[in-house]
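Chain by chain, the residues run as shown.
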Amino acid sequence: MPLPYDYHMHTPLCHHAVGEPIDYAEEATKKGISEIGFSEHSPMEQDDFDEWRMYLSDINEYINKIKIAREAFPELRIKIGLEVDYIPGYESWIKHLKTLHNWDYFIGSVHYLDNKWDFDNPDKLDIWHSQDTFDVWRNYFGKLTQAAQSGLFHTIGHPDLCKKFAIYPKQETISLWLPFLNAVKENNIAIELNTAGNYKKCKEIYPHPEILKHAAKMDIPLSFASDAHAPNEVGRDWNLAVKLAKECGFKQFCAFDQGERSLLPLD
């Protein structure tokens with residue numbers, strides 16, 4: 001049985017990753033992963049929206065870089081997608097992005113809790129300390145639920161990114177994330193198991209095991225993600241990711257092809 005596919009990887013076009021797609025492809029081949037997918041941070045209409053995403057003018061270069069990797073590693077299936085920020089009011093822009101290429105999948109992620117606060121940005125950590133933590137988490141999961149309800153995405157990225165800095169509310173949080181899972185189920189999309197959290201202050205895979213257990217009971221599909229920003233991060237902690245997924249009750253993982261989802265057995 002194949003190892004789960006790694007569908008969340010970046011390139012230097014986002015201005016905070018290193019290594020070309022051909023380097024990521026080589027690493028995946030070495031690790032025995034038979035299919036990968038790139039998901040660069042999607043452009044906004046204004047290139048100066050922030051400093052950590054691909055410019056609109058770079059989309060053709062992005063596609064060409066991946067074509068080069070495909071030619072160099074024909075035995076490796078390489079998909080092409082985008083990690084797209086869900087920000088209320090930008091739905092028409094996301095629909096426009098869909099027309100620019102025959103993408104394999106869109107990852108829907110929430111990084112902004114308003115148009116100025118990208119809450120996972122370490123340079124803006126001081127804003128956390130001026131907010132009520134439970135309100136921040138409620139805002140995050142509220143927007144994540146809207147993303148799931150939007151019909152714009154195939155899978156939802158790092159579904160509890162709000163824990164990144166290990167700032168936790170004192171209250172229980174199931175009332176925040178269970179409506180999100182219900183929206184995922186109702187809209188027939190997937191969630192992402194993302195190993196990058198192991199290397200953040202929270203030191204824990206996204207999302208929390210309790211969220212994963214509930215998702216498995218609800219028969220919600222699962223995609224796998226390293227969130228690689230360097231070639232050596234491809235398939236990072238895959239053994240831990242598979243073990244966690246199986247312990248939480250998952251028996252399958254997602255594959256995407258030109259917007260269509262299929263499920264494969266989890267070895």
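Residues numbered from 1 in each chain as written. Predicted model: local features only at pLDDT ≥ 70, side-chain atom pairs only at ≥ 80, totals over all residues. Heavy atoms only, no water.

1. Some details on unusual backbone geometry
Then, in step 1: Residue Pro 207 is reached from Tyr 206 by a cis peptide bond, and omega for that bond is -10 degrees.
Then, in step 2: Looking at where Pro 207 falls in the secondary structure, it is placed in the loop between β5 (190-194) and α7 (209-217).
Then, in step 3: Positioned with a positive phi, Ala 166 is a non-glycine residue whose angle comes to about 60 degrees.
Then, in step 4: With respect to the helices and strands, Ala 166 occurs in the loop between β4 (155-156) and α6 (174-186).
Then, in step 5: Overall, Ala 166 belongs to the partly exposed group, its relative accessible area being 30%.
Then, in step 6: The phi dihedral of Asp 237 falls on the positive side, at around 60 degrees, and the residue is not glycine.
Then, in step 7: For Asp 237, a relative accessible area of 17% puts it in the buried group. (Helix = DSSP H or I, 4+ residues; strand = E, 2+ residues; numbered from the N terminus. Buried < 20%, exposed > 50% of the residue type's maximum accessible area, 1.4 Å probe, protein only.)

2. Some thoughts on the pattern of salt bridges
Then, in step 1: Tallying each qualifying case throughout the model produces 16 salt bridges.
Then, in step 2: A salt bridge links Glu 20 to Lys 65, with the nearest nitrogen and oxygen atoms 2.6 Å apart. Here the residue Glu 20 occupies a position in the segment before α1 (21-30), and Lys 65 occupies one in helix α2 (residues 59-72), the gap between them amounting to 45 residues.
Then, in step 3: Among the salt bridges present, the one from Asp 50 reaches Arg 53, with a minimum N-O distance of 3.1 Å. Accessibility assignment for this pair places Asp 50 and Arg 53 in one class, buried.
Then, in step 4: Counted as one network, the salt bridges with shared partners bring together Glu 35, Arg 77, Lys 79 and Asp 257. (Salt bridge = Lys/Arg side-chain N within 4 Å of Asp/Glu carboxyl O.)

3. With respect to the packing of aromatic side chains
Each pair of aromatic rings is reported with the distance of its centres and the angle of its planes.
Then, in step 1: One pass over the full model with this rule turns up 21 aromatic pairs.
Then, in step 2: Centroid distance Tyr 7 to Tyr 105: 4.9 Å. Interplanar angle 45 degrees. Geometry classified as tilted. In this pair, Tyr 7 is assigned in the segment before α1 and Tyr 105 in strand β3 (residues 105-109), connecting sequence segments 98 residues apart.
Then, in step 3: Residue Tyr 105 is classed as buried on the basis of its relative accessible area, which comes to 0%.
Then, in step 4: A ring pair is formed by Tyr 140 and Phe 141, whose centres lie 5.1 Å apart and whose planes are at 75 degrees; its orientation type is edge-to-face. Residues Tyr 140 and Phe 141 agree in their burial class; the two are buried.
Then, in step 5: Among the aromatic residues, those joined into a ring-pair cluster are Tyr 5, Tyr 7, Tyr 105, Phe 224, Trp 238, Phe 253 and Phe 256.
Then, in step 6: Against the face of Trp 52 rests Arg 53, its NZ or CZ located 4.6 Å from the ring centre.
Then, in step 7: One Lys or Arg, Arg 236, reaches over the ring of Tyr 199 and ends 3.7 Å from the middle of that ring. (Phe/Tyr/Trp six-rings, centres within 6.5 Å; stacked < 30°, edge-to-face > 60°. Lys NZ or Arg CZ within 6 Å of the ring centre and 35° of its normal.)

4. Some words on α2
Then, in step 1: Over its 14 residues, α2 extends 20 Å from the first C-alpha to the last, a length consistent with the 20 Å expected when each residue adds 1.5 Å.
Then, in step 2: Of the residues making up α2, those classed as buried are Ile 59, Tyr 62, Ile 63, Lys 65, Ile 66 and Ala 69. Projection of α2 onto a plane perpendicular to its axis shows the buried side chains occupying an angular sector of 160 degrees, all on one side. In α2, the exposed positions angled more than 90 degrees off the buried face are occupied by Asn 60 and Glu 71.
Then, in step 3: At its buried positions, α2 is contacted by α1, β1 (35-41) and β2 (77-85). (Expected span 1.5 Å × (residues − 1). Arc of directions from axis to C-beta. Contact = heavy atoms within 4.5 Å.)

5. With respect to helix α5 (residues 133-149)
Then, in step 1: With 17 residues, α5 extends 24 Å between its outermost C-alpha atoms, agreeing within 8% with the 24 Å of an ideal straight helix rising 1.5 Å per residue.
Then, in step 2: The set of residues buried in α5 consists of Thr 133, Phe 134, Val 136, Trp 137, Tyr 140, Phe 141, Lys 143, Leu 144, Thr 145, Ala 147 and Ala 148.
Then, in step 3: Where α5 is buried, its residues contact α4 (125-128), β4 and α6.
Then, in step 4: Between the side-chain oxygen of the N-cap and the backbone nitrogen of Phe 134 there are 3.2 Å, and the N-cap of α5 in question is Asp 132. (Polar contact = N/O pair within 3.5 Å; in protein donor to acceptor, adjacent residues only side chain to side chain.)

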